[in-house]
Amino acid sequence: MKIESVVTESERAKSEEKLLVKDGRVFIKLAHSAILWLEADDNYTIIHVANDKNRVVRTSLRELQKQLPLQQFIQIHKSYIVNCIHINEWTSTYVIITEQKLPISRSYSKRVKELL
């Protein structure tokens, strides 16, 4: 029984490392490590990924945030959630990920300072 529980925990860990999203009519699993940041755009969310193939999904930023690990992904603005492992530089007002400057809003700056 111990082997089964180890296998089950291992499978659970692997499945938790991916975000399942619907892009059009296709479901796609995106590895958490490949996600750079998420950007809200009205009723859609743009998921910026490391391989430069961004995904536009009809899911709110808030709904996607519920599926992501809190210790790895942090909301820096009402329109942006970033993957902490991809942050190259930051100040009190912005973060830089792959040469893109993303704003940190005043309402999220305290939390960002605590986590970074």
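Residues numbered from 1 in each chain as written. Predicted model: local features only at pLDDT ≥ 70, side-chain atom pairs only at ≥ 80, totals over all residues. Heavy atoms only, no water.

Novice: Which residues make up the packing of aromatic side chains, and what values go with them?
Specialist: Tallying each qualifying case throughout the model produces zero aromatic pairs. The ring of Y94 carries K101 above its face, with NZ or CZ at 4.2 Å from the centroid. (Phe/Tyr/Trp six-rings, centres within 6.5 Å; stacked < 30°, edge-to-face > 60°. Lys NZ or Arg CZ within 6 Å of the ring centre and 35° of its normal.)

Novice: How would you sum up the pattern of salt bridges? Please name residues and give values.
Specialist: Going through the model one piece at a time under the given rule, you end up with two salt bridges. Between R55 and D23 there is a salt bridge; the shortest N-O distance is 3.0 Å. With a gap of 32 residues between them, R55 in strand β5 (residues 55-57) and D23 in strand β1 (residues 18-23) connect regions that are remote in the sequence. Between K66 and E63 there is a salt bridge, with its nearest N and O atoms 3.2 Å apart. Remark: E63 and K66 occur in helix α2 (residues 61-66); sequence separation between them is three residues, near one turn of the helix. (Salt bridge = Lys/Arg side-chain N within 4 Å of Asp/Glu carboxyl O. Helix = DSSP H or I, 4+ residues; strand = E, 2+ residues; numbered from the N terminus.)

Novice: Could you give an account of the side chain of H48, with specific residues and numbers?
Specialist: Mapped onto the elements of the fold, H48 is located in strand β4 (residues 44-49). Looking at H48, its side chain comes within polar contact range of the side chain of E39, at 2.9 Å. (Polar contact = N/O pair within 3.5 Å; in protein donor to acceptor, adjacent residues only side chain to side chain.)

Novice: So what's going on with unusual backbone geometry? Residues and values would help.
Specialist: Phi at D42 is positive, roughly 55°, even though this residue is not glycine. Backbone geometry places T98, a non-glycine residue, at a positive phi of 40°. Here T98 shows up in the loop between β9 (94-97) and β10 (100-103).

Novice: Account for the layout of surface pockets, with residues named and values stated.
Specialist: In this structure, the largest pocket occupies an estimated 180 Å³ of space. Taken together, L20, V21, K22, G24, Y44, V56, V57, R58, T59, L64 and Q67 make up the full set of residues lining the largest pocket. When contributions to the lining of the largest pocket are tallied by element, the ones reaching two or more residues are β1 and β5. Of the residues forming the lining of the largest pocket, the biggest block, three residues, is contributed by β1. (1 Å grid on protein atoms, 1.4 Å probe; cavity = no way out; pocket = protein on both sides within 12 Å on 5 of 7 lines; lining within 4 Å. Points joined across faces, edges and corners; volume = space filled by probe spheres on them.)

Novice: Lay out the confidence of the model for the protein chain with the relevant residues and their values.
Specialist: Looking at the protein chain, pLDDT values average 86 and 86% of them are 70 or higher. Looking across the protein chain, the model is least confident in helix α1 (residues 2-16), with a mean pLDDT of 46, and most confident in strand β7 (residues 80-83), with 97. The model gives residues 1-12 a pLDDT under 50, and that stretch makes zero contacts with residues more than four places away or in other chains. (pLDDT = per-residue confidence, 0-100. Contact = heavy atoms within 4.5 Å.)

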